[in-house]
Amino acid sequence: MIDSKTKLIGVIGKPIEHSMSPPMHNAAFLKNSLNYVYLAFGVEDLGGAIKSMLALNIRGYNVTIPYKTEVIAYLDQIEPVAKKIGAVNTIVNENNILKGYNTDYIGAIEALEEKIKIKDKKAIVLGAGGASRAICFGLLNKGAEVLILNRSVEKGMLLAGELNQHWKSKASSMSINEATVQLIKGYDILVNTIPVGMYPKTDQTPFKKDFLAKNLLVMDIIYNPIQTQFLKDAKNTGCRIISGLEMFVNQGAASFELFTGKKPPKDIMKKTVKDLLR
Ligand code: ATR
């Protein structure tokens, strides 16, 4: 029951109406009998939203598009990896000290590591935006080599250059249009971060089907639909696939643990999102 001791968690972003985080977290609180409630806030005034955490003693926020980078300036402490990535998706209010974390990269890496040992593997990441950045960081951190394939060559090179400041010669980039079947064959992991194939344009794909090779472990970060055209193509090619749902649930589970200090009930979190997407 919601009462005067209920702790408040929220997700802030713009737009926010389609966020799956409130049902996912509320189902988890219910399952673990925790006196928390999770709401979605469509935020125009980011500074105001952060200050409210202190004024109203809000326990935590998830942060989503477009605020993951901008929010850093408002926080007291940033976990070192989140700082390097330059993006925060989780804020915890510890006795009025606001601490920022990034569970997106943890979610992606955990999903991959359930299927493969990342160390010394060769990975391709499609796209060079914020999501790609977090995933490249996670992959390199685990000892993989990373090739970024992007539409804008410049943006890909910029990201690879920055990654190489931390992991010399382990990151490279090229135009997605210059990739070849032969090149792709030499890789173990393929992750899509390009927002193509997302509901409602579910027949689109960011990558040529002919380029897929069956030795690849293929992950899409899109979770609506659960199986994108990209993943369908990969499955038909004989690849092992990982849906964006896994990453989404993993990031939520890691945030849940930061908010509550309790082990997340991942099964119920996943089932809740899956049922909603059906
Ligand atoms: P996020 O920050 O959430 O990862 P983003 O920055 O909007 O998302 O986009 C991620 C990547 O998808 C970008 O690198 C973008 O390529 P550009 O750098 O060339 O803009 C890529 N992308 C977006 N829409 C695309 C499309 N229709 N075709 C190919 N690439 C696309």
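Refer to the structure presented above.
On a predicted model such as this, the values are computed, not experimentally measured, just so you know. (Residues numbered from 1 in each chain as written. Predicted model: local features only at pLDDT ≥ 70, side-chain atom pairs only at ≥ 80, totals over all residues. Heavy atoms only, no water.)

Quick word on the packing of helix α1 (residues 21-31) against helix α10 (residues 266-277)
In helix packing, the relevant descriptors are the interaxial angle and the interaxial distance, both defined with respect to the helix axes. Contact geometry for α1 and α10: axes closest at 8 Å, N-to-C directions at 140°. Considering the angle they form, α1 stands oblique to α10. The crossing of α1 and α10 is right-handed. Residues Pro23, Met24, His25, Ala27, Ala28 and Lys31 of α1 form the contact with α10, whose participating residues are Ile268, Met269, Thr272, Val273 and Leu276. (Axes fitted to C-alpha atoms, helices over the stretch in contact; angles between N-to-C directions. Helix = DSSP H or I, 4+ residues; strand = E, 2+ residues; numbered from the N terminus. Parallel < 35°, antiparallel > 145°, perpendicular 65-115°, else oblique. Left-handed = near helix turned anticlockwise from the far one by under 90°. Contact = heavy atoms within 4.5 Å.)

Points about helix α8 (residues 229-237)
Taken together, the buried positions of α8 are Phe230, Leu231, Asp233 and Ala234. Projected down its long axis, α8 carries its buried residues within an arc of 160°, all on one side. Summarising the geometry of α8, the exposed residues directed more than 90 degrees from the buried face are Lys235 and Asn236. Where the residues of α8 are buried, they touch β7 (122-126), β10 (189-192), β11 (217-220) and β12 (240-242). (Buried < 20%, exposed > 50% of the residue type's maximum accessible area, 1.4 Å probe, protein only. Arc of directions from axis to C-beta.)

Points about the site of the ligand
Close to the ligand lie Gly127, Ala128, Gly129, Gly130, Ala131, Asn150, Arg151, Ser152, Lys155, Ile194, Pro195 and Val196, which account for all nearby residues. At 3.0 Å, a backbone N or O of alanine 131 approaches an oxygen atom of the ligand. At 2.9 Å, a backbone N or O of serine 152 approaches an oxygen atom of the ligand. Taking 630 Å² as the accessible area of the ligand by itself, protein coverage stands at 65%. Looking at the shell around the ligand residue by residue, the classes come out as 5 nonpolar, 5 polar and 2 charged. (Near = heavy atom within 4 Å. Polar contact = N/O pair within 3.5 Å; in protein donor to acceptor, adjacent residues only side chain to side chain. Areas by Shrake-Rupley, 256 points an atom, 1.4 Å probe, with all protein chains shown as cover. Nonpolar A, V, L, I, M, F, W, Y, C, P; charged D, E, K, R; others polar.)

What about the side chain of threonine 228?
Structurally, the position occupied by threonine 228 is in the loop between β11 and α8. Apart from the residues lying within four places of it in its own chain, the contact partners of threonine 228 are Gly197, Asp220 and Ile222.

What to know about the sheet that holds strand β2 (residues 36-42)
If you trace the 6 strands from one edge of the open sheet to the other, you get β2-β1-β3-β5-β6-β4, paired in mixed fashion. Across the chains shown, the open sheet's two edge strands, defined by having one partner strand only, are β2 and β4 (77-78). Where strand β1 (residues 7-13) meets β2, 7 bridges bridge the pair, whose relative direction is parallel. Bridge pairing links leucine 8 to valine 37 in β2. The strands touched by helix α2 (residues 46-55) within the sheet are β1, β3 (60-63), β5 (90-94) and β6 (97-101), with β3 carrying the most contacts at an inclination of about 155°. Those strands touched by helix α9 (residues 244-260) are β1, β2, β3, β5 and β6, and its axis lies near 5° from that of β5. (Pairing = 2+ DSSP bridges.)

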